[in-house]
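# Residue-level structure breakdown
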Amino acid sequence: MAKVTRYETWVVRIPYEEGRFGTHVVLRLTDSDGRQGVGYVSNLTPWAVKAQHAAVEAFAERVLGRDPMAVEAINADLLRTGTRPQFGGLARSAVSVVDIAVWDLKAKALGQPLYRLLGAQDNRVTAYASWNLWWQYDIQTLVRHAEEHVGRGFRQMKYRMGGVQTLEEAVERTRALREAVGPDVDLLVDINWSWTVDKVIRIGRALEPFGLYWIEDPIPADDYEGLAQINRALQTRICAGETYHEPQQFRSLLDRRGADCVMIDLEVGGVTQWLKVAHLVEAYGLPVASHTCTEVSAHLVAAAANGLTVEYLPWAQPIFARTAAVQEGKLVLSEAPGLGLDLDEAALERFRLDS
């Protein structure tokens with residue numbers, strides 16, 4: 001019976017487009033048979049990266065000597081003893097990194113790709129391009145980047161409009177994108193919790209002729225009643241959930257029918273808890289999508305019966321020796337055991353950030 005014997009961590013900061021960087025906390029576990037399991041999450045709050053890194057190391061320390069096959073028990077133990085009201089999100093984030101790495105070890109020990117171990121039938125999963133289409137770009141740049149995404153093989157892409165102030169600008173940007181990519185490419189828009197209920201309804205109705213795939217996070221995430229009001233008023237699918245980390249938050253959204261699609265971040269507690277939330281959402285008859293951590297999340301969306309699409313962000317790719325290719329709008333997952341990811345040691349050192 002193999003046991004976890006060692007852990008290593010890194011914080012890396014990687015450029016991925018003009019003036020933008022992704023910061024990631026990375027963990028590698030080694031077991032007594034020499035297998036290595038990889039986990040990571042992306043840090044979206046720079047002021048917290050030191051605490052996040054320290055928490056990952058603290059939880060990794062606690063899995064030394066544990067059997068990776070007992071991943072459910074490990075996850076439950078870490079969450080039960082590590083979560084306090086004032087630190088709940090941070091604890092779940094750190095547990096998530098450890099949980100992902102333990103699942104990678106388990107799948108490798110069983111000689112199965114993670115998506116297959118979790119029950120997936122197909123190694124191809126729909127993905128959407130989720131970078132280079134920020135509201136800060138002028139329309140010409142936006143259009144050029146959208147055309148580049150089509151050239152990369154994407155058939156779905158997400159643009160942001162949180163900073164857009166007027167209905168006229170929102171329509172102008174959306175029309176330009178639709179004309180650039182044509183009617184057969186799905187356009188998703190993310191408002192990043194920046195508008196009001198009335199503004200979302202007013203602009204959302206004006207955008208309906210463009211056939212948007214979804215409107216994501218239109219208002220603050222804890223305004224469940226507001227989300228429900230928007231969902232009732234618009235024909236376009238509403239997507240929400242990426243900042244939730246407790247099951248009750250998802251229940252609050254689902255019970256009010258505040259979304260047509262639920263986005264789940266791996267920081268809910270890793271693979272173990274992501275799947276539990278996906279099953280909860282399935283009970284309400286709704287699909288799920290992933291948030292960040294493309295290389296891991298793709299396995300989960302592929303395995304979930306209600307999996308819809310994977311958020312594709314290339315910001316962590318340079319630290320991996322290989323990643324999944326995009327073909328005709330789908331990620332093609334590796335047949336290699338586990339996540340199919342090997343860390344590039346030279347890249348880890350090149351992008352290392354002293355946290």
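Coordinates for the structure precede this section.
First, a word on scope: everything that follows refers to the structure included in this document. (Residues numbered from 1 in each chain as written. Predicted model: local features only at pLDDT ≥ 70, side-chain atom pairs only at ≥ 80, totals over all residues. Heavy atoms only, no water.)

### Quick notes on the overall build of the protein chain
Scanning the protein chain from terminus to terminus reveals twelve helices and 13 strands. Its C-alpha radius of gyration of 20 Å places the protein chain within 12% of the 20 Å reference for a compact globule of 355 residues. Principal-axis analysis of the C-alpha atoms places the extent of the protein chain at approximately 60 × 40 × 40 Å. Classification of the 355 residues of the protein chain by burial places 59% in the buried group. (Helix = DSSP H or I, 4+ residues; strand = E, 2+ residues; numbered from the N terminus. Rg over C-alpha atoms; globule rule 2.2 N^0.38 Å. Buried < 20%, exposed > 50% of the residue type's maximum accessible area, 1.4 Å probe, protein only.)

### Regarding the nonpolar core
In this structure, Met-161, Ile-264, Val-271, Trp-274 and Ile-319 are the most contacted members of the largest nonpolar core, which totals 119 residues. When residues no more than four places from it in sequence are discounted, the contact partners of Val-271 are Asp-99, Ile-100, Trp-103, Leu-114, Leu-118, Leu-266, Val-296 and Leu-300. (Core = buried A, V, L, I, M, F, W, Y, C linked by side-chain atoms within 4.5 Å. Contact = heavy atoms within 4.5 Å.)

### Some points on the pattern of salt bridges
Inspection of the entire model under this criterion finds 23 salt bridges. Put simply, Arg-160 and Asp-190 hold a salt bridge, and the shortest N to O gap is 4.0 Å. With Arg-160 in strand E5 (residues 156–160) and Asp-190 in strand E6 (residues 186–190), this pair connects stretches of sequence that are 30 residues apart. In this pair, the class of Arg-160 matches that of Asp-190, namely buried. With a shortest N-O distance of 3.7 Å, Glu-311 and Arg-160 are connected by a salt bridge. (Salt bridge = Lys/Arg side-chain N within 4 Å of Asp/Glu carboxyl O.)

### A word on the side chain of Arg-28
In this fold, Arg-28 is placed in strand E2 (residues 20–31). Look at Arg-28 and you get buried, because its relative accessible area is 6%. Separated by 2.8 Å, the side chains of Arg-28 and Glu-345 make a polar contact. The residues touching Arg-28, leaving out its near neighbours within four places in the chain, are Arg-6, Tyr-7, Glu-8, Trp-10, Gln-36, Gly-37, Leu-343 and Glu-345. (Polar contact = N/O pair within 3.5 Å; in protein donor to acceptor, adjacent residues only side chain to side chain.)

### Notes on unusual backbone geometry
You will see that Asn-132, though not glycine, has its phi angle at about 75 degrees, which is positive. Among the secondary structure elements, Asn-132 is positioned in the loop between strand E4 (124–129) and helix H5 (139–151). Overall, the relative accessible area of 5% leaves Asn-132 in the buried class. Residue Glu-328 is not a glycine yet carries a positive backbone phi of 50 degrees. Residue class for Glu-328 comes out exposed when judged on its relative accessible area of 67%.

### Observations concerning the side chain of Asp-217
Here Asp-217 is to be found in the loop between strand E7 (214–216) and helix H8 (224–233). Summary of buried charges: Asp-217 has no salt-bridge partner, and the nearest side chain of opposite charge, Lys-158, is 6.8 Å away. Setting aside residues no more than four positions away along its own chain, Asp-217 makes contact with Asp-190, Ile-191, Asn-192, Trp-193, Ser-194, Cys-239, Ala-240, Gly-241 and Glu-242. (Lys, Arg positive; Asp, Glu negative; His and termini not counted.)

### What to know about the sheet that holds strand E3 (residues 36–43)
Taking strand neighbours across the sheet as the criterion, the three strands line up as E1-E2-E3 in an open arrangement whose pairing is antiparallel. The outermost strands of the open sheet, each flanked by one partner alone, are strand E1 (4–17) and E3. Each neighbouring strand pair of the sheet contributes to a mean axis angle of 20 degrees, computed without reference to strand direction. Where E1 meets E2, twelve bridges bridge the pair, whose relative direction is antiparallel. Bridging from a neighbouring strand, Trp-10 pairs with Val-26 of E2. With respect to the sheet, helix H1 (residues 49–61) is in contact with E1, E2 and E3, its orientation differing from that of E1 by roughly 155 degrees. Across the face of the sheet, helix H3 (residues 88–109) comes into contact with E1, E2 and E3 while running at roughly 150 degrees to E3. (Pairing = 2+ DSSP bridges. Axes fitted to C-alpha atoms, helices over the stretch in contact; angles between N-to-C directions.)

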